Amino acid sequence: MLGFVGALGAARAAVRKSVPSLNRLADLLVLAHSGEISRRGEAGGYSYAVHGVGCRLASPEGIDIDVDFAADGTEIFDFWRLRLFGQSLPTPVDPSAEDLRSAVEGLEDVLTEVRPGWFTASGSLRDAFEGPVSNASRS
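Just so it is clear, the structure is predicted and the values come from calculations on it, not from any experiment.

Cut-offs applied
- Residues numbered from 1 in each chain as written.
- Predicted model: local features only at pLDDT ≥ 70, side-chain atom pairs only at ≥ 80, totals over all residues.
- Heavy atoms only, no water.
- Salt bridge = Lys/Arg side-chain N within 4 Å of Asp/Glu carboxyl O.
- Buried < 20%, exposed > 50% of the residue type's maximum accessible area, 1.4 Å probe, protein only.
- Pairing = 2+ DSSP bridges.
- Helix = DSSP H or I, 4+ residues; strand = E, 2+ residues; numbered from the N terminus.
- Axes fitted to C-alpha atoms, helices over the stretch in contact; angles between N-to-C directions.
- Parallel < 35°, antiparallel > 145°, perpendicular 65-115°, else oblique.
- Contact = heavy atoms within 4.5 Å.
- Nonpolar A, V, L, I, M, F, W, Y, C, P; charged D, E, K, R; others polar.

What about the pattern of salt bridges?
Right, so step 1: Throughout the structure, instances matching the rule amount to 8 salt bridges.
Right, so step 2: Residues arginine 24 and aspartate 27 are paired through a salt bridge, measuring 3.2 Å at the closest nitrogen-oxygen approach.
Right, so step 3: Taking the relative accessible area as the measure of exposure, arginine 24 reaches 36% and is therefore partly exposed.
Right, so step 4: On the basis of relative accessibility, which here comes to 13%, the residue aspartate 27 falls in the buried class.

Structure follows, in structure tokens:
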């Protein structure tokens, strides 16, 4: 679970540094829908594919990080996305739904269930993995 959040933070930081006009990862949707960028491409060493209300990122090592975006642009993920991430690791893991639920319940202080089965990381957890990104540090 924390590995997914860490990988998402690294991807977010790399993509934001590569595309200075992004304030948040959800802006990839806006740029793709407006035609300013392709729905598939590469940014910051990560390949991306915009889909529906989300984006699938793949690290240079081939690790999949897939998120949807809430109406306010918050990155959200479900158990399916966590399993996809685990299966793409160099040493794949495929936790059961019960194992994932137990892991989430053990992280109530750092994960928020935004709707049944969908989660987001708290701001403090996000900052721990990515670090605050100012406009000056992105250029």
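Thoughts on the pairing of strand S2 (residues 46-51)
Along a regular strand, successive side chains alternate from one face of the sheet to the other.
Right, so step 1: Note: strand S1 (residues 40-43) against S2, 4 bridges, orientation antiparallel. Within S2, the residue paired with arginine 40 across the bridge is alanine 49.
Right, so step 2: One ladder, built from 5 bridges, connects S2 with strand S3 (residues 54-58); its direction is antiparallel. Note on S3: the bridge partner recorded for serine 47 is alanine 58.
Right, so step 3: Counting the residues that bridge the hairpin from S2 to S3 gives 2 residues, and of these glycine 52 lies at a positive phi of roughly 40 degrees.

Describing the packing of helix H1 (residues 2-18) against helix H3 (residues 79-88)
Right, so step 1: The interhelical angle for the contact between H1 and H3, taken along N-to-C directions, is 80 degrees, at an axis separation of 10 Å. Between H1 and H3, the angle is such that the two are roughly perpendicular. On H3, the residues that touch Gly3, Phe4 and Ala7 of H1 are Arg81, Leu82 and Phe85.
Right, so step 2: Residues of the contact of H1 with H3, tallied by class, amount to 4 nonpolar, 1 polar and 1 charged.

Here's the deal with the sheet that holds S3
Right, so step 1: If you walk across this open sheet you meet the 7 strands as S1-S2-S3-S4-S5-S7-S6, and the pairing is antiparallel. Since the sheet does not close on itself, it has two edges, and those belong to S1 and strand S6 (111-115), each with one partner. Between one strand axis and the next, the sheet turns through 35 degrees on average, direction left out of account.
Right, so step 2: Note that strand S5 (residues 75-78) and strand S7 (residues 118-121) share 2 bridges and pair antiparallel. Bridge pairing links phenylalanine 77 to phenylalanine 119 in S7.
Right, so step 3: The strands that H1 touches are S1, S2, S3, strand S4 (64-69), S5, S6 and S7; relative to S4, the one it contacts most, it runs at about 80 degrees.

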